[in-house]
Number of protein chains: 2
Amino acid sequence: MNPDLAFAVWSGERAQRVAGVLDALLPPVDLAPRALHEAMRYALLGGGKRVRALLAYAAGELVQADPADVDASAAAVECIHAYSLVHDDLPCMDDDVLRRGKPTCHVAFGEATALLAGDALQSLAFEAIAGRARGEVREQVALLAIATGSRGMAGGQAIDLAHVGATLDQAGLEHMHRLKTGALIRAAVRLGASCGRPAAADENAALDRYAAAVGLAFQVVDDVLDVEGTAQSLGKTAGKDAQQNKPTYVSLLGLADSRARIATLRAEAHAALARFGAPARRLNEIADWIALRTH
Amino acid sequence: MNPDLAFAVWSGERAQRVAGVLDALLPPVDLAPRALHEAMRYALLGGGKRVRALLAYAAGELVQADPADVDASAAAVECIHAYSLVHDDLPCMDDDVLRRGKPTCHVAFGEATALLAGDALQSLAFEAIAGRARGEVREQVALLAIATGSRGMAGGQAIDLAHVGATLDQAGLEHMHRLKTGALIRAAVRLGASCGRPAAADENAALDRYAAAVGLAFQVVDDVLDVEGTAQSLGKTAGKDAQQNKPTYVSLLGLADSRARIATLRAEAHAALARFGAPARRLNEIADWIALRTH
């Protein structure tokens, strides 16, 4: 099979797999309070690229973990990601009405229900980790909690909000993204890698370098697509960042240098994985997919 | 020493203890993003009765746990409680401006920062559990996550919001409170009791009966004080529930029957603890304190 096609089959299979895990993890739709449970399902099962789950499964393959052993980690990072999108879209944050081509959660269910759905999705992530069959739960919970909190994702969102309309240099922008999206991407990789044979400290350091590179690459690509894309291909409001006067890679570096930065980060991701050889295949493919994606 | 005074000394000492644990758990105030970290401190260290922490320490005494072994559990339930208050006070929820005699978090720091501070406090609760030195982390995380999520506290808040201006019978009201406040109170007791000698299943069931009784008693007292109190003695807007047309025990049962219900629940709490004898002293004292409190 052509390698691109093989990766598409693998990622499609894993995306479907984690959707099944999430469906089983979510409280049944007929359980009260129904609006809350419907909003959680809407936010969590509404598609998306499942990048974080794929990273967890791919990192699991690196340490010979069975996909079943990685399910809880993959589900947990998707719960955190979904909660962050719901809260990020709220009127007091980015005030966005469209996500993945559908009304955002608060538009569909009201602000209060969306707020609570995000809150409950965060709890569900930790429930997923606690319910999993194997691995060092204490380390996994610490990893996810720190990545999610004020020294990770929530901290990055706060820095992002504080700089709407303000200037931020490239170092400041990268610091913001390392927290806002990078921390959870690192957690996805490290959680997946904690589900198989024990990883050595220098292996974990290499995985962190990989995660930092793909996390930033993902963001630079996002900024490029925000300028080039249309609402139809993105499934969300295009040109939003520029409208909001948010600093982006494109506004700082221009389009050509942003593309060059993506190429450099892709090479860094591959270099970090070189020591692992063939078992790093899926992680390498994800780096390519992130760097080359067009939506 | 007079027993009331001895309890006041014990609870004051434990409240101070958990405040120290929370202070050490919180990121330093000079760490960026500063506004977020200040908002988290404001919400978490702004006083309050520390009922949930006291319940965790008291349940720890029941199983001969050292206070130091209970610190993480006590801190975790206070983090969850503080996050729930911050989100509950937001304009899209209860829209309250006064809490413990001070401006609510979003009034002091803005809505977006308050939202993120609440989010980050939830993460911090799980970080506290993961960082603790002993006990079954997997069980503790599951207990706290389920109590916090849509089948616990967040679910209770959703039911509460759905019934503003609507009728709710006594069974419906109790179901709502069992989720909204009862679930976290149960988690506080069970987490504390998981920090010492292993508790048998029927001991845990007795602790659940105790927690259910004090949790409801706490709420009935709240409703009575909401009618009788003033903003000054409560430190929050008095008469708020009636203004918002929320169903309360007082609106359903009247003042006299609400008081009778408090007495019954207090007796149920004591009955549930009878089997434990002297080690249940603090839990019994907390039940009395909750039933008899005037602010």
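Residues numbered from 1 in each chain as written. Chains lettered and ligands numbered in written order. Predicted model: local features only at pLDDT ≥ 70, side-chain atom pairs only at ≥ 80, totals over all residues.

Colleague: Can you help me understand the overall build of chain A in this one?
Modeller: Helix and strand content of chain A: 14 helices and two strands. A globule of 295 residues ought to have a C-alpha radius of gyration of about 19 Å, and chain A, at 18 Å, matches this closely. Seen along its three principal axes, the alpha-carbon backbone of chain A occupies a region of about 50 × 45 × 40 Å. Counting the 295 residues in chain A, one finds 54% classified as buried. Pairs at least 24 apart in sequence give 74% of the contacts found in chain A among residues at least 6 apart. (Helix = DSSP H or I, 4+ residues; strand = E, 2+ residues; numbered from the N terminus. Rg over C-alpha atoms; globule rule 2.2 N^0.38 Å. Buried ≥ 20, exposed ≤ 12 C-beta atoms within 10 Å, placed from the backbone. Contact = placed C-beta atoms within 7 Å.)

Colleague: Explain unusual backbone geometry to me, please; I cannot follow it from the model alone.
Modeller: As a rule of thumb, non-glycine residues mostly have phi less than zero, and peptide bonds are mostly trans rather than cis. Of the consecutive residues A:Ala32 and A:Pro33, the connecting peptide bond is found in the cis state with omega at -10 degrees. Despite not being glycine, A:Arg100 shows a phi value in the positive range, around 55 degrees. Tracing the sequence through the fold places A:Arg100 in the loop between strand E1 (98-99) and strand E2 (102-103). Judged by C-beta crowding, with 13 C-beta atoms within 10 Å, A:Arg100 ranks as partly exposed. Residues other than glycine seldom take positive phi values, yet B:Arg50 does so here, at roughly 60 degrees. The buried category is assigned to B:Arg50, around which 23 C-beta atoms lie within 10 Å.

Colleague: In this structure, what is going on with the nonpolar core? I would like to understand it.
Modeller: Nonpolar side chains in soluble globular proteins tend to be buried together. Ranked by internal contacts, the top residues of the largest apolar core, which has 198 residues, are A:Ala217 and B:Ala217. The contact partners of B:Ala217, leaving out residues within four places of it in the chain, are B:Ile262, B:Leu265, B:Arg266, B:Ala269, B:Ile290 and B:Ala291. (Core = buried A, V, L, I, M, F, W, Y, C linked by C-beta atoms within 7 Å.)

Colleague: How should I be thinking about the interface of chain A and chain B in this particular structure?
Modeller: When the parts of a complex come together, some accessible area is lost, and that lost area is often used as the size of the interface. Facing the 42 residues of chain A at the interface are 42 residues of chain B. Looking at the side of chain A that touches chain B, the elements that each hand over two or more residues are helix H2 (34-44), helix H6 (111-131), helix H7 (137-148) and helix H8 (153-162) of chain A. Of all the elements, H6(A) adds the most residues to the side of chain A that touches chain B, at 15 residues. Among the residues forming the side of chain A that touches chain B, the class breakdown is 26 nonpolar, 11 polar and five charged. (Nonpolar A, V, L, I, M, F, W, Y, C, P; charged D, E, K, R; others polar.)

Colleague: Is there a simple way to think about helix H1 (residues 3-25) of chain A in this case?
Modeller: Since the α-helix packs 3.6 residues into each turn, any two residues three or four apart lie on the same face. Residue and element names in this part refer to chain A. Over its 23 residues, H1 extends 33 Å from the first C-alpha to the last, a length consistent with the 33 Å expected when each residue adds 1.5 Å. Buried within H1 are the following residues: Ser11, Arg14, Val18, Val21, Leu22 and Leu25. Residues of H1 that are buried make contact with H2, helix H3 (51-62), helix H4 (67-88) and H6. (Expected span 1.5 Å × (residues − 1).)

Colleague: Teacher, can you tell me more about the packing of H3(A) against helix H9 (residues 170-193) of chain A here?
Modeller: When two helices pack together, their arrangement is captured by the angle between the axes and the distance separating the axes. All names here are of chain A. Between H3 and H9, the least distance of the axes is 7 Å, while the angle of their chain directions is 35 degrees. Here H3 and H9 pass one another in a crossing that is right-handed. Packed against H3, whose contacting residues are Arg52, Leu55, Ala56, Tyr57, Ala58, Ala59, Gly60 and Leu62, the element H9 presents Leu184, Ile185, Ala188, Val189, Leu191, Gly192 and Ala193 at the interface. A breakdown of the residues in the contact of H3 with H9 according to their chemical character gives 12 nonpolar, two polar and one charged. (Axes fitted to C-alpha atoms, helices over the stretch in contact; angles between N-to-C directions. Left-handed = near helix turned anticlockwise from the far one by under 90°.)

Colleague: What's the story with the relation of the copies chain A and chain B in this structure? I'm lost.
Modeller: Both copies of the chain are related by one operation, a rotation about an axis with a shift along it. Placing chain A over chain B gives an RMSD of 0.0 Å and needs a rotation angle of 180 degrees, together with 0.0 Å of translation along the axis. Here the two chains are linked by the operation of a two-fold rotation axis. Counting the interface residues of chain A, we find that 100% of their copies in chain B are interface residues as well, pointing to one common contact surface. (Least-squares fit on C-alpha atoms with pLDDT ≥ 70 in both.)

Colleague: Help me understand H8(A), please; the structure alone is not making it clear to me.
Modeller: Burial analysis of H8(A) places nine of its 10 residues in the buried class, the great majority of the element. Buried-residue contacts for H8(A) involve H4, H7 and H9 of chain A together with helix H2 (34-44) and helix H6 (111-131) of chain B.

Colleague: So what exactly am I meant to see when it comes to the confidence of the model for chain A here?
Modeller: Note: predicted coordinates in regions of low pLDDT should not be interpreted at a detailed level. Residues and elements named next belong to chain A. Within chain A, residue pLDDT values average 92, and 94% of them lie at 70 or more. Mean pLDDT across the secondary structure elements of chain A bottoms out at helix H11 (residues 231-234), with 53, and peaks at H3, with 98. For this predicted complex, the interface score ipTM comes out at 0.94, while the overall pTM is 0.94. (pLDDT = per-residue confidence, 0-100.)

Colleague: I tried to follow the packing of helix H4 (residues 67-88) of chain B against H6(B) on my own but got confused; where do I start?
Modeller: All names here are of chain B. Taken N-terminus to C-terminus, the directions of H4 and H6 make an angle of 165 degrees; their axes are 8 Å apart at the nearest point. On the basis of their axis angle, the class for H4 and H6 is roughly antiparallel. Like other packed secondary-structure pairs, H4 and H6 cross with a definite hand, here left-handed. Across the interface between the two elements, Ala72, Ala75, Ala76, Cys79, Ile80, Ala82, Tyr83, Val86 and His87 of H4 pack against Ala114, Ala117, Gly118, Leu121, Gln122, Leu124, Ala125, Ala128, Ile129 and Gly131 of H6. (Parallel < 35°, antiparallel > 145°, perpendicular 65-115°, else oblique.)

Colleague: Any chance you could explain the environment of B:Leu184 here in plain terms?
Modeller: All names here are of chain B. Turning to its location among the elements, Leu184 is positioned in helix H9 (residues 170-193). In this structure Leu184 comes out as buried when scored by C-beta crowding, with 25 C-beta atoms within 10 Å. With 12 residues separating them along the chain, Leu184 and Gly196 place their C-alpha atoms 20 Å apart. Excluding residues that lie within four positions of it along the chain, Leu184 makes contacts with Arg52, Val77, Ile80, His81, Ala147, Thr148, Gly152 and Met153.

Colleague: Just checking my understanding: could you explain the environment of B:Ala272 for this structure?
Modeller: All names here are of chain B. Mapping Ala272 onto the fold places it in helix H13 (residues 249-273). Here the alpha-carbon distance between Ala272 and Lys180, two residues 92 residues apart in the chain, equals 22 Å. With sequence-adjacent residues up to four places away left out, Ala272 is seen in contact with Ala206, Arg209, Tyr210 and Ala213.

Colleague: Would you mind showing me how to read the environment of A:Glu228 here?
Modeller: Along the chain, A:Glu228 turns up in helix H10 (residues 201-228). Along the sequence, A:Glu228 and A:His295 sit 67 residues apart, while their C-alpha atoms lie 10.0 Å from each other.

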